[in-house]
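# Coordinate inspection notes
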Amino acid sequence: MSLKLYGSPLVVTDSGGKDSAVCREIVRRAGIPYEVQHNLTTADAPQTIYYVRDTFKRLEEQGVTCRFSYPFYKEQRVTMWTLIPIKKFPPTRLQRYCCQVLKEASCRDRFITTGVRWAESIKRRKNRGVYENFTSNRDKKIILNNDNDEQRRLFESCELKGKRICNPIVDWTDRDIWDYIRSERLPMNPLYDMGFFRVGCIGCPMAGKRRWMEFSIFPTYKQAYMRAFGRMLDVIHAEGIPTKWKTAGDVFSWWMEDGQIEGQMSLDDFEGWELPSG
Ligand code: SF4
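These figures come from a predicted structure and were not determined experimentally.

Rules used throughout
Residues numbered from 1 in each chain as written. Predicted model: local features only at pLDDT ≥ 70, side-chain atom pairs only at ≥ 80, totals over all residues. Near = placed C-beta within 6 Å. Nonpolar A, V, L, I, M, F, W, Y, C, P; charged D, E, K, R; others polar. Axes fitted to C-alpha atoms, helices over the stretch in contact; angles between N-to-C directions. Helix = DSSP H or I, 4+ residues; strand = E, 2+ residues; numbered from the N terminus. Left-handed = near helix turned anticlockwise from the far one by under 90°. Contact = placed C-beta atoms within 7 Å. Buried ≥ 20, exposed ≤ 12 C-beta atoms within 10 Å, placed from the backbone. Pairing = 2+ DSSP bridges. Right-handed = clockwise from strand over helix to strand, strands pointing away. Core = buried A, V, L, I, M, F, W, Y, C linked by C-beta atoms within 7 Å. Parallel < 35°, antiparallel > 145°, perpendicular 65-115°, else oblique.

### Some thoughts on the site of the ligand
Contacts to the ligand come from 13 residues, most closely from C98, C99, G200, C201 and C204. When its residues are assigned to classes, the shell around the ligand shows 8 nonpolar, 3 polar and 2 charged.

So this is what it looks like as structure tokens:
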């Protein structure tokens, strides 16, 4: 389909995670021409970058074209750290502009595969289908490639970006994934052995409270977010945009959803208080 529709091979998007590893192997075994692309988010763990580099080296020796895609926004090279001040708010679960810019913008006019999978859901079977056109989605919502939503389909098309998407493991469970990886002895990103459930940007809002663990292992990423939040506040203050955030630490606390926002008290605030006698 890729050769027929676009005149070029299928692109396997590779995040460096377990789902991508399975997709790569499935496509390799299919015996079709393909290329592999890693979108550099600039917030991936070093282990992920080394793992992807090793994978690319192995694949290139087999004649497969592999490339890193560098993100651009409004025709400027960006990173996670420069994008935050441009957007003037931190990426959140509901506002994942980072994925849209750092990962989704590439591969226009190409047929790609992603490793998205349905979340375990009873509803998912009701929504099965072969093709989905993003723009006619009844919820009119933006679906990102890393959304493991039950409405994802095996084949999808995005008219806006002129790309078609194949999600070959959309109905695989976690267990299917790990069984396949073990039975086929696929080399894996070492982050999984370090206690990571998912591989993506360090500090990704989708990781929720697990971000505390991520930042304890990779403290320099916390510092990078703090610096980006500081630059973001500089822009906000310079433009006179009203905000309750005074410091990068305020933004970080809000972002981590630990409740440490202005006016609130933490349990630490109660230390030293004397309880009333009696
Ligand atoms: S993986 Fe998370 S942090 Fe990284 S670009 Fe996507 S939403 Fe943003």
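### Re the packing of helix α8 (residues 219–238) against helix α9 (residues 248–255)
Contact geometry for α8 and α9: axes closest at 8 Å, N-to-C directions at 115 degrees. Both α8 and α9 take part in a crossing whose hand is right-handed. Packed against α8, whose contacting residues are Y225, M226, F229, G230 and L233, the element α9 presents A248, V251 and F252 at the interface.

### Regarding the pairing of strand β2 (residues 34–39)
Most of β2 sits inside the fold, with 5 of its 6 residues counted as buried. Here strand β1 (residues 10–13) pairs with β2 via 4 bridges, running parallel. Looking at β2, one finds that L10 is bridged to Y34. Regarding the hand of the β-α-β motif, the stretch spanning β1, helix α2 (residues 18–30) and β2 is right-handed. Here β2 pairs with strand β3 (residues 65–69) via 5 bridges, running parallel. Paired with H38 across the two strands is F68, which belongs to β3. Of the crossover connections in this fold, the one passing from β2 over helix α3 (residues 46–61) to the parallel β3 is right-handed.

### A word on the nonpolar core
Most often, soluble globular proteins have nonpolar side chains that are buried together. Counting residues in hydrophobic clusters, the biggest one holds 24 residues, and the most contacted among them are M80, I84, C98 and F229. Those elements that place two or more of their residues in this core are α4 (80–87), α5 (97–104), α8 and α9. If one sorts the elements of this core by residue count, α8 sits on top with 6 residues. In contact with F229, not counting residues within four places along its chain, are I84, P90, A248, V251 and F252. Within the second largest apolar cluster, 17 residues are counted, among which are V12, A21, V36 and F111.

### Some words on the packing of α4 against α5
Relative orientation of the contacting elements α4 and α5 amounts to 135 degrees, with a least axis distance of 11 Å. The pairing of α4 with α5 is recorded here as oblique in orientation. The chirality of how α4 crosses α5 is right-handed. Seen from α4, the contacting residues are M80, L83 and K87; seen from α5, they are Y97, C98, V101 and L102. Along the lines of polarity and charge, the residues of the contact of α4 with α5 split into 6 nonpolar, no polar and 1 charged.

### A few points about unusual backbone geometry
In this model, K88 sits at a positive phi of 70 degrees, which is unusual for a non-glycine residue. Assignment of secondary structure puts K88 in the loop between α4 and α5. Owing to 13 C-beta atoms within 10 Å, K88 belongs among the partly exposed residues under this scheme. Its identity as a non-glycine residue notwithstanding, R185 has a phi of 50 degrees, on the positive side. With respect to the element layout, R185 can be found in the loop between α6 (174–183) and α7 (210–217). Take R185: there are 7 C-beta atoms within 10 Å of it, and that puts it in the exposed class.

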